[in-house]
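# Close look at the chain arrangement
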Amino acid sequence: DAILKGMAEHLDSHNVQVKYVKTTEMASARPVFMKYGVRALPMIIVLDENGAVKKRFPPGVQSQFAVMAALE
C-alpha cells in the first residue's frame, strides 16, 4: 500500500489505475481472489487494458523498481 502510494506520480504518467482489494471485506474480495488465484498476501497483479494478467508478482512486498519494470 505505502509503496504504491509513494509511486502515485509515476503511475499516473503510465495511465495506471491502482485497485485495492481489502481482506477485511471478504464478501466483496472473495470473487476477486478466486478470479486471479490469490492465495497469499500481499499480492500485486498487473493487468492489461482488457483485464488479462500481464504480470503476477510472488506474494510479499515488492520494490518500486520491480513494479515500474512490469509497467514498461
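What comes next concerns the included structure.

Rules used in this analysis
Residues numbered from 1 in each chain as written. Predicted model: local features only at pLDDT ≥ 70, side-chain atom pairs only at ≥ 80, totals over all residues. Heavy atoms only, no water. Helix = DSSP H or I, 4+ residues; strand = E, 2+ residues; numbered from the N terminus. Rg over C-alpha atoms; globule rule 2.2 N^0.38 Å. Buried < 20%, exposed > 50% of the residue type's maximum accessible area, 1.4 Å probe, protein only. Contact = heavy atoms within 4.5 Å. Areas by Shrake-Rupley, 256 points an atom, 1.4 Å probe, with all protein chains shown as cover. Lys, Arg positive; Asp, Glu negative; His and termini not counted. Charge placed at Lys NZ, Arg CZ, Asp CG, Glu CD. Arc of directions from axis to C-beta. Pairing = 2+ DSSP bridges.

### Things to note about the overall build of the chain
Summing up its helical and strand segments, the chain has four helices and two strands in all. Secondary structure elements of the chain occur, N-terminal to C-terminal, as α-α-α-β-β-α. Its C-alpha radius of gyration of 12 Å places the chain within 12% of the 11 Å reference for a compact globule of 72 residues. Dimensions of the chain, computed from the C-alpha atoms along their principal axes, are close to 35 × 25 × 20 Å. The 72 residues of the chain split such that 21% are buried. Residue pairs in contact within the chain that sit at least 24 positions apart in sequence constitute 26% of those at least 6 positions apart. For the chain, the accessible surface area stands at approximately 5,500 Å², while carbon and sulfur atoms represent 55% of it. Looking at the chain, you have 9 positive and 7 negative side-chain charges, and the mean spots of the two groups are 11 Å apart.

### Brief notes about helix H4 (residues 64-71)
Among the residues of H4, Val 67, Met 68, Ala 70 and Leu 71 are the ones counted as buried. Down the axis of H4, the smallest arc covering the buried residues is 155°, so these residues share one side. Of the exposed residues in H4, the ones pointing more than 90 degrees away from its buried face are Phe 65 and Ala 69. In this fold, the buried residues of H4 make contact with helix H1 (2-6), helix H2 (8-13), strand E1 (45-47) and strand E2 (53-56).

### Comments concerning the pairing of E2
Alignment of E1 against E2, held across three bridges, turns out to be antiparallel. Residue pairing for E2: Ile 45 is matched across the bridge by Arg 56. Linking E1 back to E2 in an antiparallel pair, the connection comprises five residues, with Gly 51 at a positive phi of about 90°.

### Remarks on the environment of Ile 45
Topologically, Ile 45 is positioned in strand E1. Residue Ile 45 is classed as partly exposed on the basis of its relative accessible area, which comes to 22%. For the pair formed by Ile 45 and Ala 70, sequence separation is 25 residues and the distance between their alpha carbons is 9.7 Å. Residues within four places of Ile 45 in sequence aside, it is in contact with Tyr 36, Val 38, Val 53, Lys 55 and Arg 56.

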